Amino acid sequence: MITNLFYIAIGILLIVFIFINVQKHMMSEGESILWMVGAFFILILAIFPDIIIFLANLVGITYAPSLLFFLTSIFLLIFSFRNSQQLSILAEKNKELIQFSALLEKRVRVLEDFRTENK
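Parameters at a glance
Residues numbered from 1 in each chain as written. Predicted model: local features only at pLDDT ≥ 70, side-chain atom pairs only at ≥ 80, totals over all residues. Heavy atoms only, no water. UniProt positions renumbered as here; feature names shortened; annotations may be inferred. Helix = DSSP H or I, 4+ residues; strand = E, 2+ residues; numbered from the N terminus. Patch = residues over 30% accessible without salt bridge, like charges linked within 9 Å, V, L, I, M, F, W, Y side chains within 5 Å. Areas by Shrake-Rupley, 256 points an atom, 1.4 Å probe, with all protein chains shown as cover. Salt bridge = Lys/Arg side-chain N within 4 Å of Asp/Glu carboxyl O. Buried < 20%, exposed > 50% of the residue type's maximum accessible area, 1.4 Å probe, protein only. Contact = heavy atoms within 4.5 Å. Polar contact = N/O pair within 3.5 Å; in protein donor to acceptor, adjacent residues only side chain to side chain. Axes fitted to C-alpha atoms, helices over the stretch in contact; angles between N-to-C directions. Parallel < 35°, antiparallel > 145°, perpendicular 65-115°, else oblique. Nonpolar A, V, L, I, M, F, W, Y, C, P; charged D, E, K, R; others polar.

The protein carries the name DUF2304 family protein in an unreviewed UniProt entry, which gives Acetobacterium tundrae as its organism.

Following this line, the structure appears as structure tokens:
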């Protein structure tokens, strides 16, 4: 019973922490959705711990905690894949910005040279 209350408190604290970070703009809304799903999953499993046993029996897994580890691994894999996508997009945008900045710098130099020649 004490462990259930502990996990309920962790779930609630995690939800509050995510919500506060979104409000302070330290985390985007899209990023927080995945974390909220995980936090609600923790909260639901803390309130109803027999769900994991039921799901394990439904899938045919004999040791219920192994299903929990499997689901956690999938969650982390999805999160890692999403972060890789974000990094790829940001790297491409960064490259475009660097190229655009170089082109603008070249234009400024040409205009400065033109201005000094006409004086």
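More follows now that the structure is in view.
1. Focus: the UniProt feature "transmembrane region" (unreviewed entry) in the protein
Here, UniProt's "transmembrane region" (unreviewed entry) annotation points to residues 6-22, 34-56 and 62-81. What you have in residues 6-22 is 100% helix and 0% strand, and the ends, taken at the C-alpha atoms, are 24 Å apart.

2. Description of a nonpolar patch on the surface
Taken together, the side chains of Phe6, Tyr7, Ile10 and Ile42 make up a nonpolar region of the molecular surface, amounting to roughly 360 Å² of accessible area. Here the nonpolar patch gets 3 residues from one element, more than from any other, and that element is helix H1 (residues 2-23). On the accessibility criterion, isoleucine 10 (31% relative accessible area) is partly exposed.

3. Some details on the side chain of asparagine 21
Within the element layout of this structure, asparagine 21 appears in helix H1. With residues near it in sequence (within four places) discarded, asparagine 21 still touches Met26 and Met27.

4. Considerations on the side chain of glutamate 31
With respect to the helices and strands, the residue glutamate 31 is situated in helix H2 (residues 29-47). One polar contact links glutamate 31 to arginine 82, side chain to side chain, over a distance of 2.7 Å.

5. Structural notes on the pattern of salt bridges
Here the structure, examined in full by the defined rule, presents 3 salt bridges. With a closest N to O distance of 2.7 Å, glutamate 31 and arginine 82 form a salt bridge. Residue glutamate 31 is found in helix H2, and its partner arginine 82 is found in helix H4 (residues 64-117); the two are separated by 51 residues along the sequence. The exposure class assigned to glutamate 31 is buried, which follows from its relative accessible area of 15%. Judged by its relative accessible area of 25%, arginine 82 is partly exposed. Taking the shortest distance from any N to any O, the salt bridge between glutamate 105 and arginine 109 comes out at 2.4 Å. In this pair, glutamate 105 and arginine 109 are both assigned in helix H4, 4 residues apart and thus about one turn of the helix distant. Overall, glutamate 105 belongs to the partly exposed group, its relative accessible area being 41%.

6. With respect to the packing of H2 against H4
Two numbers describe how H2 lies on H4: the axes approach to 11 Å, and their chain directions differ by 170°. Between H2 and H4, the crossing angle belongs to the class labelled roughly antiparallel. Residues Gly30, Glu31, Leu34, Trp35, Gly38, Phe41 and Leu45 of H2 lie in contact with H4, whose contacting residues are Leu68, Leu71, Phe75, Ile78, Phe79, Arg82 and Asn83. Its residues placed into classes, the contact of H2 with H4 shows 9 nonpolar, 3 polar and 2 charged.

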